[in-house]
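# Residue-level structural notes
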Amino acid sequence: MKQFVSMAKLKQHLVDPQPLRMELSQLIEQLIDNSNSSQNIPESHYQIDPRDGTISVFSAARAKRIHTTAAEPAAQSDDQSDCPICQGQLTTVCHIQPLSEGASFITDNLYPVVTPHGLNPEAHTEFGTQSFIRGGHIFGGHFLQWTSSDHHADWHNMAIDDLVLTVDQLAKFSLKVLTEADAMPKTAGCQQGSRGYFSIFKNYGAKAGASLTHGHQQLVFSNIMSRSSFNNWRFYGRHMETFADYMLRENPTSLELLDLGEVVLLIPYFMHRPYTMMAFVKDTACSHLHHLTPLQTRQLTEAMQLAIKSIRAELAADGKPIAFNVTLHTGPGCGLYVEILPRADTMGGLELQGCWVCQALPTDCHQRLQERIGLLRTKPES
């Protein structure tokens, strides 16, 4: 039986009837004044590992999350009666996107990695003023996009038209933040006046770091590049082409899974884990979601859904828990692409030394995934 977070409950927590028309400074002010996340403000500083540039962001308050404090972590329940979101325990709602049933909505994170206080220029004198060698002050915002107000609806079983609306919502929200966050430094390789850096990703399953079963995506906006964004920017600086350009040219055609016209889904030749996939927008001048045309948005959404459905099916067929991460690569010198990485296999010492042990060949995974995708496109699963 479907059970929704009511629209009335969402509107009760909505920051403004038309949040995208608010000035960003006003929206942030409302978050600071009204959100429960203000009780869990992170330390607002970061350090850099001098060996490889890996960033450590410090947020002691996140240790208070239920799944990290339990003596023996309970198995994840898919029962909406145990879900704080379905029970209406919401932080401030920043935007609501009606769907064919229910709605997709964006909230601030109760346990943020970075705090919206930092988007307010005055915050520099109040939060995270202590500076550390080779580190510094991190500020921004940490948000969650709940894919649907229906607890059981997520990327693997929602109508494509609804998923396109959720991607459009991400595009509009990220555009507002990227272009109106005046407290942020201008983005490296600045395009159209953008400021700061967005990390958009999805964790599904306990082994992939998901602490709640209600389907969601995470949005972290800050003044520093994530490691993945830096790798894309560094690749562009070294080769004078985007990673997307390189992959569209150099990845073997035999590992292509699906060409939708504007978007191609493939297995990377350097596959880290079985069933790893990437979806590339062929127009590599696109570096953010708001750069995409409606057709590109729809095809990217379709490719992502097919990849997620396929991974779920193959992991289940292998008798492994369904766990995966989806990372949306955006930013300067990027060429927009999506990486879908299963998390069925554990990380070991060799992986921590930068060497992945992959227990399947890309060609074998290609055969299985291509057959699976063919079946899904012929007879879509609910």
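Whatever comes next refers back to the structure up there.
Let me begin by describing the structure that accompanies this report. Computed from a predicted structure; not experimentally measured.

### Digging into the sheet that holds strand S8 (residues 216–222)
Read from one edge of the open sheet, ten strands run S3-S4-S6-S8-S7-S12-S13-S11-S10-S9, paired in antiparallel fashion. Both outer strands of the open sheet, strand S3 (93–98) and strand S9 (256–259), are each paired with one neighbouring strand and no more. Averaged over neighbouring strand pairs, the angle between their axes works out to 15° when direction is ignored. With seven bridges joining them, strand S6 (residues 140–146) and S8 adopt antiparallel strand pairing. Counted as the bridge partner of histidine 142 is valine 220 from S8. On the sheet, helix H7 (residues 294–317) packs against strand S7 (197–204), S9, strand S10 (263–266), strand S11 (277–281), strand S12 (324–329) and strand S13 (337–342) and is oriented at approximately 175° with respect to S11.

### Observations regarding the side chain of aspartate 162
Along the polypeptide, aspartate 162 turns up in helix H4 (residues 160–180). Relative accessible area serves as the criterion here: at 10%, aspartate 162 is assigned to the buried category. A distance of 2.6 Å separates a polar atom in the side chain of aspartate 162 from a polar atom in the side chain of serine 100. When residues no more than four places from it in sequence are discounted, the contact partners of aspartate 162 are Leu99, Ser100 and Glu101.

### Some remarks on the nonpolar core
Formed by 62 residues in total, the largest nonpolar core has its most connected members in Leu265, Ile267, Met277, Leu289, Leu300 and Val338. Beyond its immediate stretch of four places on either side in the chain, leucine 300 contacts Val263, Ala279, Val281, Leu289, Leu292, Leu336 and Val338. Of all hydrophobic cores here, the second largest spans 13 residues; its members include Ile85, Val93, Ala103 and Phe105.

### Digging into the pattern of salt bridges
Enumeration over the complete set of coordinates arrives at eleven salt bridges. One salt bridge connects lysine 202 with aspartate 154, and the closest N-O pair in it is separated by 2.9 Å. Taken together, the positions of lysine 202 in strand S7 and aspartate 154 in the loop between S6 and H4 put the pair 48 residues apart, joining distant regions of the chain. Assigned by exposure class, lysine 202 and aspartate 154 land together as buried. A salt bridge links arginine 298 to aspartate 161, with the nearest nitrogen and oxygen atoms 2.8 Å apart. Of this pair, arginine 298 sits in helix H7 while aspartate 161 is found in helix H4, placing the two residues 137 residues apart along the sequence. Three or more residues joined by partner-sharing salt bridges are found here, namely Glu314, Asp318, Arg368 and Arg372.

### Observations regarding the sheet that holds strand S2 (residues 55–57)
In any sheet, the strands associate via hydrogen bonds between backbone groups, in a parallel or an antiparallel arrangement. Taken together, the three strands give an open sheet; going across it, the order is S2-S1-S5, and neighbouring strands pair in antiparallel fashion. Each end of this open sheet is capped by a strand with a single partner; those strands are S2 and strand S5 (136–137). One ladder, built from two bridges, connects strand S1 (residues 45–48) with S5; its direction is antiparallel. Following the sheet pairing, histidine 45 is matched in S5 by histidine 137.

### Structural notes on the state of the cysteines
Simply put, disulfide is the name for a covalent bond between the sulfur atoms of two cysteines. Enumeration over the complete set of coordinates arrives at zero disulfides. Cysteine 358 takes part in no disulfide bond, and the closest cysteine sulfur, belonging to cysteine 365, lies 6.2 Å away.

Procedures and definitions
- Residues numbered from 1 in each chain as written.
- Predicted model: local features only at pLDDT ≥ 70, side-chain atom pairs only at ≥ 80, totals over all residues.
- Heavy atoms only, no water.
- Pairing = 2+ DSSP bridges.
- Helix = DSSP H or I, 4+ residues; strand = E, 2+ residues; numbered from the N terminus.
- Axes fitted to C-alpha atoms, helices over the stretch in contact; angles between N-to-C directions.
- Contact = heavy atoms within 4.5 Å.
- Buried < 20%, exposed > 50% of the residue type's maximum accessible area, 1.4 Å probe, protein only.
- Polar contact = N/O pair within 3.5 Å; in protein donor to acceptor, adjacent residues only side chain to side chain.
- Core = buried A, V, L, I, M, F, W, Y, C linked by side-chain atoms within 4.5 Å.
- Salt bridge = Lys/Arg side-chain N within 4 Å of Asp/Glu carboxyl O.
- Disulfide = S-S within 2.5 Å.

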